[in-house]
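Report on the structure
Residues per chain are reported as follows:
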Amino acid sequence: MTISRRSMIQMGAAAVAAPVVLKATDALASSGSVKVLAWQDYIQPNIAEKFEADTGIKLELTTFGSNDEAESTIRANGGKGFDIVFPSITNGPNYADENGESYFGEVPADVNVDAIIPSFLRDSATLGGVAGGKQVLLPFDWGTEGITLNRAELNITDADLSYGDLFRPEAVGKAAFRQKSVVMGVGLYLDAIGEVPSNRMLDVYRSEEDARRVWGATVEWIIARKENFGAFWNNATEATAAFKDSGAIIGQTWDTTGLLLNRENSDFVYRAPKEGIITWLDSFGMLREAENVAQAVAFMNFMLQPEVGGMFANNTGYNSAVAGSADFASEEFKRQFNEVYTPEVLGNMWWWQADTPFFAPVRDEYVEIITNA
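Residues numbered from 1 in each chain as written. Predicted model: local features only at pLDDT ≥ 70, side-chain atom pairs only at ≥ 80, totals over all residues. Heavy atoms only, no water.

Focus on the overall build of the protein
Broken down by element type, the protein carries 15 helices and 13 strands. Projected onto its principal axes, the C-alpha coordinates of the protein cover approximately 60 × 50 × 40 Å. For the protein, the share of sequence-separated contacts (at least 6 apart) that also reach a separation of at least 24 residues comes to 77%. As displayed, the protein has an accessible area near 14,900 Å², and 49% of this comes from carbon and sulfur atoms. Computed over 29 positive and 51 negative side-chain charges, the inter-centroid distance for the protein is 2 Å. (Helix = DSSP H or I, 4+ residues; strand = E, 2+ residues; numbered from the N terminus. Contact = heavy atoms within 4.5 Å. Areas by Shrake-Rupley, 256 points an atom, 1.4 Å probe, with all protein chains shown as cover. Lys, Arg positive; Asp, Glu negative; His and termini not counted. Charge placed at Lys NZ, Arg CZ, Asp CG, Glu CD.)

A word on the pattern of salt bridges
Scanning the model with the defined rule gives 21 salt bridges in all. Among the salt bridges present, the one from R213 reaches D203, with a minimum N-O distance of 3.1 Å. Of this pair, R213 sits in helix α8 (residues 208-223) while D203 is found in helix α7 (residues 203-206), placing the two residues 10 residues apart along the sequence. Residue class for R213 comes out partly exposed when judged on its relative accessible area of 37%. Close ionic contact of R213 with D210 constitutes a salt bridge, the shortest N to O distance being 3.4 Å. Highlighted residues: R213 and D210, both in helix α8, separated by three residues, approximately one helical turn. Here the salt bridges share partners, and the residues they tie into one network are D203, R206, D210 and R213. (Salt bridge = Lys/Arg side-chain N within 4 Å of Asp/Glu carboxyl O. Buried < 20%, exposed > 50% of the residue type's maximum accessible area, 1.4 Å probe, protein only.)

Quick notes on the pairing of strand β9 (residues 250-254)
Most of β9 is tucked away, with five of its five residues classed as buried. The pairing of strand β6 (residues 138-150) with β9 spans five bridges and is classified as antiparallel. By the bridge assignment, T148 is partnered in β9 with G251. Across two bridges, the pairing between strand β7 (residues 175-177) and β9 is parallel. Each bridged residue has a counterpart across the sheet, and for A176 the counterpart in β9 is G251. (Pairing = 2+ DSSP bridges.)

Quick notes on unusual backbone geometry
Unusually for a residue other than glycine, N199 sits at a positive phi of about 55 degrees. Here N199 is to be found in the loop between α6 (179-192) and α7. Its identity is not glycine, yet M201 carries a phi of approximately 70 degrees, on the positive side. Within the element layout of this structure, M201 appears in the loop between α6 and α7.

Some details on helix α5 (residues 118-129)
Look at α5: only 14 Å from first C-alpha to last across 12 residues, short of the 16 Å you get at 1.5 Å a residue. Within the sequence span of α5, burial applies to S119, F120, S124, L127, G128 and G129. Down the axis of α5, the buried set is contained in an arc of 155 degrees. They therefore lie on one face. Along α5, the residues that are exposed and aim more than 90 degrees away from the buried face are R122 and T126. (Expected span 1.5 Å × (residues − 1). Arc of directions from axis to C-beta.)

Some thoughts on the nonpolar core
In a soluble, globular protein the nonpolar side chains are often hidden away together inside. Counting 108 residues, the largest nonpolar core has F86 and M184 as its most contacted members. Sequence-distant contacts of F86, defined by excluding residues within four places in its chain, comprise V36, L37, A38, W39, Y42, I43, F64, F140, S283, F284 and F299. Formed by seven residues, the second largest nonpolar core is a distinct cluster that contains A231, A242, A248 and L261. (Core = buried A, V, L, I, M, F, W, Y, C linked by side-chain atoms within 4.5 Å.)

Observations regarding the packing of α6 against helix α15 (residues 359-371)
Two packed helices can be described by the angle between their axes and the distance between those axes. At a minimum axis separation of 9 Å, α6 and α15 run at an interaxial angle of 100 degrees. Regarding the angle of α6 to α15, the classification is roughly perpendicular. Listed contacts from α15 to Q179, K180, V182, V183 and M184 of α6 are F359, R363, V367, I370 and T371. Split into classes, the residues belonging to the contact of α6 with α15 amount to six nonpolar, two polar and two charged. (Axes fitted to C-alpha atoms, helices over the stretch in contact; angles between N-to-C directions. Parallel < 35°, antiparallel > 145°, perpendicular 65-115°, else oblique. Nonpolar A, V, L, I, M, F, W, Y, C, P; charged D, E, K, R; others polar.)

Printed below as a string of structure tokens:
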């Protein structure tokens, strides 16, 4: 049975939320500006123009290419300078001042949280969306990391595809990946074949000792096969360039990389490795030092409309966390979704967990080893 975007998105959701109703604060915010820090491809011109036309508010957009870049920007400014920020929800705990207080404020009551798929909102609490007992980040979109493959060059079936295929002999000098991601993907592979047991990579979150044990062995395995390194990437532009400019034929990438390449050339496909597709949840929230609160609320409510969720999905290839956005997705997007997210794939997803204090620093040590190899 083909799964529609709507039916998949249930994931525990009982119902589709009602359409957004403009709040009183939205009317008060029909002028001024809102300062937004978002991923490079999130707020594209069609969405920015619609926001300004619908609300009369000027959008001042700054973009970033990685979570590290966004965190550094907010930290350098002491949590000031922006109203809305779009972090990956698992990075939420990293946005804290010297007292351990979140730079994000509690989600205002006028924000239409009912527009979000209920199961995503529920799960966001344990993934990093709650700080100090308060909801500070809301799910915005979700996506995956799997394998982008040029089937004209390396024809591996969906059932056989593995993270280990990045290091096939046929892919020498032609594999692409982000270093901080490949240590998880290859770790899942090594756990699956029994070479480096890791409780499906959950051990790297359990303790620093476990993280060093698992990543140490995983990186040693990767470095022994470094001749396969073709290109490293850290953002969407670099990931696409790895295939278009650097000749990669296989890579561990975000879903949007493979899906957008497929729209240009059907030889490229994006698929789930048999060890489980790595799944992430991105979010957005209002900084507690936000200067344009009413305008920020209006922006959040605008972005939580199903129509805008559909526009976002069509623009980026990512999946909106707004209930009902499936109704506004293009037929091409629905086709790609059904090709990738089969029932088997949806039943074998691996979620990034909320960062533990040692997680990022220890991982960065091993990422540096790969980079310098």
